[in-house]
Structures are given as structure tokens and as C-alpha cells.
Amino acid sequence: MSGERLLDIVGLRGGYAAADEIVKGADLHVGCGEIVALIGPNGAGKSTLLKLIAGLLRPSSGRVVFKAGDVAGRGAPEISRAGLSFVPQERNIFGTLTVAENLEMGGYLEARQARQRQAELYQRFPMLAEKRRAAARTLSGGQRQILAMAVALMNRPDLLLLDEPTAGLSPRAAEELFDTIVGLNRGGISILMVEQNALEALEVSTRAYVLVQGRPEREGRAAELAADPTVRDLFLGGRAGQVAGRSSGTTQQETGGNP
């Protein structure tokens, strides 16, 4: 795994209005090849932080350095073209459109390569190929999340922002989705993930930040945070964190290039 930083957030502030500052001076980074988790209590500003990074909200101050260029304040399409894709928690697919049509919508920025990319994603996710003509609303919760991530992958991102990817899923579906996230990471995509299932998120992450009141209060290796008594008591319900198995940890990427 390269130690090169892909994303650097420095002193980022902002919210949904000028007088509504939810993120209050956040500093964090994502290295090439990492899965980084953002955990913390409800209302800590985790989802807002992702939206500020992705260009859906305009920061009031601070820097968002992506691949050595400051993209703070730029619009979402420009940031997406630079190689950063965002998967929101809600309204992340078009329910009345087919699976194929959703993927076509995701590829609008690179229309000339959309058909080839679509074929690659069908190979990567056979379920989508089988259901390509089905309306997206007919998919199960886990299948809809796979589709939402596939839509974001149409533009071949270097960094994927995931907002609560397992929200509302059964434990089995959530486990399968985490496996998918690890597979994408091993294929060359770095991931910054907001997740309420904190223990499970730490199991698949390289590092993590604990966000409290709009800024990171703790950071470190995922295994260390999972075992930390304070973090465990506050955010993991007192459960001991045993980080192994699926975790990307410090292992090297197993395959080259984006899936």
C-alpha cells in the first residue's frame, strides 16, 4: 500500500447555511489504498462532512485537497470528474428506472466510455447483469446499495465516499455489503465511509476517526480504536473490538486498477 495521501482535509468548516456551521474545523486524510471509517454519535456532522468534501455543500472555510489539488468550493460534477464519487445514504438510485438505466445515468460524465464501463460492472456484479431490465425499486435493500455503488463506479473514481452504506440492512446483507466494500478496495479504490455500525466498520477499515461535535476527537488504526476502552464504551456498546478477517488492515492491494 502506498503511503501517498489521496485526500487531505484541513480546517474544514461548513453546514447547510452560512449561520449553520455543523462541521467545525475538521482535519483528516485518506491515503492511497486505505479504507477510512468515520464513526461517532448522531448529529456529530459525519454526513455533512462527506457532502462538503463531495461538493454538495460549499465550505465556509478550510481546504479539501484531492490528488494534490484544492477542490474546496467546486461543484459536485467537477469534483466527480477529478475522480471522487459520493454514494448518499438516501435517494441514491432512481427507483422507476431499470438497473441498466441507472448505470447509464451514472456514466453521463464519460458518455463515450459508458457502455464499456457498464459491461465491466456487470461482470463485477453478476446480480446487476441478471436484473438489468428490472426496475431498481424491485431490488432488495442490499441489492439497491450495490447498484448505488455501481452507479458511482461508472466514472472510475479513485476515492469513494460512502454515507451509511448498511443503513436499514439485515445483519447478513450488511456483512455481504462490507465484503463488497473490501473487494472494491482491494481492486484499487480508496474509501472514506460514514457508518453507524461502528464495530463492523472498524473490522474492515485501515484507520478511523471519531467525530464529535463537528470535528475529529480521536484517530488511529482501526484495530487500536476498536480495542480502546473509551471508544468501545461510547460508540461500540461496550463490545470488544476484534479486528481481523475481512479487514483490509495493512495488507497490500491484491489486484491492480479500479474494478
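Our focus in this paragraph is the sheet that holds strand β1 (residues 5-17). Spatially, the 4 strands line up as an open sheet ordered β2-β1-β4-β5, and their pairing is antiparallel. This sheet does not close on itself; its edge strands, each paired only once, are β2 (20-31) and β5 (69-70). For strand β4 (residues 61-66) and β5, the ladder comprises 2 bridges, and the chain directions are antiparallel. When the sheet's bridge partners are listed, F66 is paired in β5 with G69. The strands that helix α1 (residues 46-54) touches are β1, β2 and β4; relative to β1, the one it contacts most, it runs at about 110°.

Of note, N155 is situated in the loop between α6 (141-153) and β7 (159-163). Taking C-alpha positions, N155 is 6.7 Å from E110, a pair spaced 45 residues apart along the chain. Reaching out from N155, the side chain makes a polar contact with the backbone oxygen of G106 at a distance of 3.3 Å.

With that settled, consider the pairing of β7. With 5 of 5 residues buried, β7 is to be regarded as a mostly interior element. Of the two faces of β7, the one holding L159, L161 and D163 and the one holding L160 and L162 are both buried throughout. With 4 bridges connecting them, strand β6 (residues 84-87) and β7 associate as parallel partners. By the bridge assignment for β7, F86 is matched with L161. One ladder, built from 5 bridges, connects β7 with strand β8 (residues 190-194); its direction is parallel. Bridging from a neighbouring strand, L159 pairs with S190 of β8.

Helix α4 (residues 114-124) packs onto helix α3 (residues 99-106) with a crossing angle of 130° between their chain directions and a minimal axis gap of 10 Å. Of the possible angle classes, the one that applies to α3 and α4 is oblique. Like other packed secondary-structure pairs, α3 and α4 cross with a definite hand, here right-handed. In contact with A100, L103 and E104 of α3, α4 contributes Q118, L121 and Y122.

As for its position among the elements, N197 is in the loop between β8 and α8 (198-204). Taking C-alpha positions, N197 is 9.7 Å from P165, a pair spaced 32 residues apart along the chain.

To continue, consider the pairing of β4. With 5 bridges connecting them, β1 and β4 associate as antiparallel partners. Across the sheet, residue V10 finds its bridge partner in β4, namely R63. Counted along the chain from β4 to the antiparallel partner β5, the turn is 2 residues long, and its residue K67 has a positive phi close to 50°.

The calculated volume of the largest pocket comes to roughly 610 Å³. What lines the largest pocket is a set of 23 residues, and nearest its centre among them are F86, P88, Y108, V151 and A152. When contributions to the lining of the largest pocket are tallied by element, the ones reaching two or more residues are α2 (76-82), β6, α3 and α6. With 4 residues, the top contributor of residues to the lining of the largest pocket is β6. The calculated volume of the second largest pocket comes to roughly 160 Å³. Lining the second largest pocket are Q89, E90, R91, N92, G141, R144, Q145, E164, A167, G168 and L169. A per-class count over the lining of the second largest pocket returns 2 nonpolar, 5 polar and 4 charged.

To continue, consider unusual backbone geometry. Leaving glycine out, the prevailing phi sign among residues is negative, and the prevailing peptide bond configuration is trans. A positive phi angle, near 50°, is found at K67, a position not held by glycine. A positive phi is found at R91, a non-glycine position, where the angle reads about 50°. You can see R91 is positioned in the loop between β6 and α3.

The rules behind each value
Residues numbered from 1 in each chain as written. Predicted model: local features only at pLDDT ≥ 70, side-chain atom pairs only at ≥ 80, totals over all residues. Heavy atoms only, no water. Pairing = 2+ DSSP bridges. Helix = DSSP H or I, 4+ residues; strand = E, 2+ residues; numbered from the N terminus. Contact = heavy atoms within 4.5 Å. Axes fitted to C-alpha atoms, helices over the stretch in contact; angles between N-to-C directions. Polar contact = N/O pair within 3.5 Å; in protein donor to acceptor, adjacent residues only side chain to side chain. Buried < 20%, exposed > 50% of the residue type's maximum accessible area, 1.4 Å probe, protein only. Parallel < 35°, antiparallel > 145°, perpendicular 65-115°, else oblique. Left-handed = near helix turned anticlockwise from the far one by under 90°. 1 Å grid on protein atoms, 1.4 Å probe; cavity = no way out; pocket = protein on both sides within 12 Å on 5 of 7 lines; lining within 4 Å. Points joined across faces, edges and corners; volume = space filled by probe spheres on them. Nonpolar A, V, L, I, M, F, W, Y, C, P; charged D, E, K, R; others polar.

Note that every value here comes from positions in space, so none of it alone points to a role or purpose.
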